[in-house]
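# Overview (structure and organization)
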Amino acid sequence: EDCSIMVWDYDEGQQEKKLKGHIDVVQHVTFNQDGKLLASCSADLSIKVWNVEKSLCVKTMKGHDHTVSCVEFVASGDRLMSCSRDKTIKMWDVQSGYCLRTIEGHRDWVRQVKITPCSTLFASCSS
């Protein structure tokens, strides 16, 4: 396992970029609305935000106590939500990297979080 992220040309199916920085299995990736930033999360307990054009990690966020299974940008792009095997959901400020809120309620591994396009609701699911 090389713990890398591949970015592909949609029409041609050709690899455009290879992003390396995580040190354990990458669980999920997501683009912001304009496609300039990519967020990734990993079993290394971190979330990374990448400048896609420069292939550069611009922010690393840590705060989960176990594998981070999913990450999603809110529509405005200034915040991220993540979920984890530690049974929590977290909201992050993309610019500062600070955790703004931790949400608890699941009794098992939170596998996925999805945010409505208008960012007024989100849903999560667990094992």
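In this report, we go over the structure that sits alongside the text. Please read all numbers here as calculations on a predicted model, not as lab measurements. (Residues numbered from 1 in each chain as written. Predicted model: local features only at pLDDT ≥ 70, side-chain atom pairs only at ≥ 80, totals over all residues. Heavy atoms only, no water.)

## Considering the pairing of strand β1 (residues 4-8)
Going by this rule: One bridge is not enough; two strands pair if DSSP finds at least two bridges between them. Each helix corresponds to a stretch of at least 4 residues labelled H or I by DSSP, and each strand to a stretch of at least 2 residues labelled E; elements are numbered beginning at the N terminus.
In this structure, β1 lies alongside strand β2 (residues 15-20), joined through five bridges in antiparallel fashion. Looking across to β2, one finds that M6 is bridged to K18. In textbook terms, the turn of a hairpin is the stretch between consecutive antiparallel strands, and for β1 and β2 this stretch comprises six residues, one of which, G13, has a positive phi near 70°.

## Regarding the sheet that holds strand β3 (residues 26-31)
To be explicit about the condition: Axes, fitted as lines to C-alpha atoms, cover a helix only where it is in contact. Angles between the N-to-C directions of the axes lie from 0 to 180 degrees.
With antiparallel pairing, the four strands of this open sheet are ordered in space as β3-β4-β5-β6. Across the chains shown, the open sheet's two edge strands, defined by having one partner strand only, are β3 and β6 (56-62). Here the strands of the sheet are splayed against their neighbours by 20° on average, with no regard to which way each runs. In this sheet, β6 lies alongside strand β5 (residues 46-51) in antiparallel orientation, the contact comprising six bridges. Across the sheet, the residue bridging to V49 is K59, located in β6.

## What about the packing of aromatic side chains?
Applied cut-off: In summary, the pairing rule links any two rings of Phe, Tyr or Trp, Trp by its six-membered ring, whose centres are within 6.5 Å, and it sorts them by plane angle into stacked for under 30 degrees, edge-to-face for over 60 and tilted for everything else. Note on geometry: a ring has a charge over it if NZ (lysine) or CZ (arginine) is within 6 Å of the ring centre and within 35 degrees of the ring normal.
With the rule as written, the count across this model stands at zero aromatic pairs. Taking NZ or CZ as reference, R111 lies 3.7 Å from the ring centre of W109, over its face.

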